[in-house]
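A look at the structure
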Amino acid sequence: MNRIADDLGTKSISQLLLKQAIPASIGILVMSINMIVDTIFVGRWIGVLAIAAITVVLPIAFLISSIGMGVGIGGSSIISRALGANKANTAFEVFGNQISLTIVLSVIFVLLGTFFSTPILQLFGANGDIITPATEYFNVIVWGVPFLAFAMMGNPVIRAVGKPNYAMLTMLFPAIANIFLDVVFIKFMNLGMFGAGLATSISYAVSGLFILWFFFSKNTQLKVIPKYFKLNFSIVKEIVSLGGVTVVRQGTISLLTIILNYTLFKYGGEISIAIYGIINRVMLFALFPVLGVTQGFLPIAGYNYGANNIERVKESIKTSILFGTGIAIIIFIAIMLFPTQLVSVFTEDKELLNSTPNALIVAFLATPVITTQLIGAAYFQAAGKALPALLLTLLKQGIFLIPLVYILPKFYGVNGVWMSFPIADISSTLVTYIYLKREVRLNLN
């Protein structure tokens, strides 16, 4: 583990950030392209209702898999700080506990999803004609979710041990598999939503199995060792307190999805849910480099915080915000200039082409300021400060966006939904900036 410690503790922050952020960004880009291609395929080969069905179902799958994501991010924070403090044995024990937690929790949630699929889909907004394709899709992908949960658990751990290129491959391989299988199952075999779900489920398995191979291979010093599977209460408590931030955030996003789908259906019908489906895909795709910077920041900040290299922690915060903001401004300009072209990639439906570009522009108005909010919340998670990490993570989706999505449409109709996004972005960024500045003044000097 010493070589990893030397890298994260001695190389320049800019160099480390590029090393960590570029593979993370590529991985997120490929995953986003995967979801976009999925939407394009079902939109063009199955229909508009298929886009709405996927928009309803995927947040449910990601809510279940967020168990693995939370365990992964919470545990990787502990592992990064353990490596910084030269406590390799702690890193092994934490990883073993992560594996046990992910398997047990994801299986429980998958069983719940299997036996209560219809009420869950209805809860998430599968109304009207959406329910039939949504059910067909959900009943297939739910069986691939444990693999997705395991992949989401392992991915941040791979970054924490200094192997960002392999973390990138965990998203690259399943994306390629999904795109290929979409063509086979939907286009050539004409399996419809079942085929789309089968392609997605198999791609989840590819990702999870690749993660498993990595931790058995010679490419990492952190291994899958059964003797560490026995749960240690103190380790589980810390994983849950930090990883709970991610789970609660995904739960909040799922609650937001429920409110969004109901509100959009009420004020604009199925077509408005399809519009949001396209906006959501563009958000995932367009913001991939900013999210990559955030993921790259986490192991650097966590390691140096554990090693008590306070100046390097502050430098990593400043550099990450600077990099991310510059990228966000470029993204903002591109979306403002080419909204119609972006939407036309997803659909040929005239109603969608007429309505989506303006909604897309409004939703992205605050893009230049979002990096400060993302890095601010990520810092507290990297430093092992669960409560402020939780509060800052919930700012946008929970504290601001959910009330805005509920209130504004009462006055502005469906346009109120799109207006909610930039207002929530600006508000959460201002609060995070104040909180982060206070943290630097009090604890990083």
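All figures in this text were calculated on a predicted structure; none of them were measured in a lab.

Before going further, it helps to examine the layout of surface pockets. In this structure, the largest pocket occupies an estimated 180 Å³ of space. Around the largest pocket, the lining residues are Ile99, Thr102, Ile103, Ser106, Pro146, Phe147, Phe150, Gly208, Leu209, Leu212, Val224 and Phe229. Looking at the lining of the largest pocket, the elements that each hand over two or more residues are α4 (88-115), α7 (145-160) and α9 (192-216). Of the residues that constitute the lining of the largest pocket, the class distribution is nine nonpolar, three polar and no charged.

At a minimum axis separation of 7 Å, helix α3 (residues 48-84) and helix α10 (residues 233-268) run at an interaxial angle of 155°. Taken together, the axes of α3 and α10 are roughly antiparallel relative to one another. The interaxial crossing formed by α3 with α10 has right-handed handedness. Of the residues in the contact of α3 with α10, the class split is 13 nonpolar, 13 polar and three charged.

Bringing the nonpolar core into the picture now. Core analysis: the biggest nonpolar cluster contains 74 residues, and Leu58, Ile130, Tyr137, Ile279, Phe364, Trp418 and Phe421 have the highest contact counts within it. Counting residues per element, this core draws most heavily on α3, at 14 residues. Non-local contacts of Leu58, meaning those with residues more than four positions away in its chain, are made with Met35, Tyr137, Ile141, Tyr204 and Arg281.

On the surface, Ile103, Val104, Val107, Ile108, Phe109, Leu111, Leu112, Phe115, Phe116 and Trp143 cluster together to form a nonpolar patch covering roughly 980 Å² of accessible area. Along the polypeptide, Ile108 turns up in helix α4. Note on Ile108: relative accessible area 43%, which makes it partly exposed.

With 36 residues, α10 should cover 52 Å at 1.5 Å per step; its first-to-last C-alpha distance of 49 Å lies within 8% of that length. The largest bend in α10 amounts to roughly 40° and is located at Gly243. Gly269 occupies a position one or two residues after α10 and carries a positive phi of about 75°.

Attention now moves to the confidence of the model for the protein. In the predicted model, the protein carries a mean pLDDT of 86, and 98% of its residues have values of at least 70. Overall, residues 1-5 carries pLDDT values under 50, and its contacts beyond four positions in sequence, including any with other chains, amount to 14 contacts.

One pass over the structure, following the stated rule, counts 11 aromatic pairs. Relative to Phe215, the ring of Phe95 lies with its centre 4.3 Å away and its plane at 40°, an arrangement referred to as tilted. Remark: Phe215 occurs in helix α9 and Phe95 occurs in helix α4; sequence separation between them is 120 residues. By the burial criterion, Phe95 is buried, and Phe215 matches it. Taken together, a centroid distance of 5.6 Å and an interplanar angle of 75° make the contact between Phe380 and Tyr435 edge-to-face. Residue Phe380 is found in helix α16 (residues 370-382), and its partner Tyr435 is found in helix α19 (residues 415-443); the two are separated by 55 residues along the sequence. A relative accessible area of 32% places Tyr435 in the partly exposed class. Three or more aromatic residues joined by ring pairs form one cluster here, namely Phe95, Tyr166, Phe214 and Phe215. The ring of Tyr406 carries Lys410 above its face, with NZ or CZ at 4.6 Å from the centroid.

Another point: the packing of α7 against helix α8 (residues 164-188). α8 packs onto α7 with a crossing angle of 160° between their chain directions and a minimal axis gap of 7 Å. One element, α7, and the other, α8, form an angle in the roughly antiparallel class. Note on packing geometry: the crossing formed by α7 with α8 is left-handed. Taken together, the residues of α8 that come into contact with α7 (itself represented by Asn155, Ile158 and Arg159) are Pro164, Tyr166, Ala167, Thr170 and Met171.

Below, the discussion takes up empty space enclosed by the protein. With the rule as written, the count across this model stands at four cavities of 30 Å³ or more. Taken as a whole, the second largest cavity encloses approximately 100 Å³ of empty space. Secondary-structure elements contributing two or more residues to the lining of the second largest cavity are α3, α7, α12 (288-306) and α16. Examining the composition of the lining of the second largest cavity, we find that four residues originate from one element, α3, more than from any other.

Attention now goes to unusual backbone geometry. For Asn190, which is not a glycine, the phi torsion comes out positive at approximately 55°. Locating Asn190 in the fold gives a position in the loop between α8 and α9. One non-glycine residue, Asn308, lies in positive phi territory at about 65°. Summarising the element assignment, Asn308 is placed in the loop between α12 and α13 (310-337). By relative accessible area, which is 58% here, Asn308 ends up exposed.

Procedures and definitions
Residues numbered from 1 in each chain as written. Predicted model: local features only at pLDDT ≥ 70, side-chain atom pairs only at ≥ 80, totals over all residues. Heavy atoms only, no water. 1 Å grid on protein atoms, 1.4 Å probe; cavity = no way out; pocket = protein on both sides within 12 Å on 5 of 7 lines; lining within 4 Å. Points joined across faces, edges and corners; volume = space filled by probe spheres on them. Helix = DSSP H or I, 4+ residues; strand = E, 2+ residues; numbered from the N terminus. Nonpolar A, V, L, I, M, F, W, Y, C, P; charged D, E, K, R; others polar. Axes fitted to C-alpha atoms, helices over the stretch in contact; angles between N-to-C directions. Parallel < 35°, antiparallel > 145°, perpendicular 65-115°, else oblique. Left-handed = near helix turned anticlockwise from the far one by under 90°. Core = buried A, V, L, I, M, F, W, Y, C linked by side-chain atoms within 4.5 Å. Buried < 20%, exposed > 50% of the residue type's maximum accessible area, 1.4 Å probe, protein only. Contact = heavy atoms within 4.5 Å. Patch = residues over 30% accessible without salt bridge, like charges linked within 9 Å, V, L, I, M, F, W, Y side chains within 5 Å. Areas by Shrake-Rupley, 256 points an atom, 1.4 Å probe, with all protein chains shown as cover. Salt bridge = Lys/Arg side-chain N within 4 Å of Asp/Glu carboxyl O. Expected span 1.5 Å × (residues − 1). Bend = angle between axes of the 7 residues up to and from the residue. pLDDT = per-residue confidence, 0-100. Phe/Tyr/Trp six-rings, centres within 6.5 Å; stacked < 30°, edge-to-face > 60°. Lys NZ or Arg CZ within 6 Å of the ring centre and 35° of its normal.

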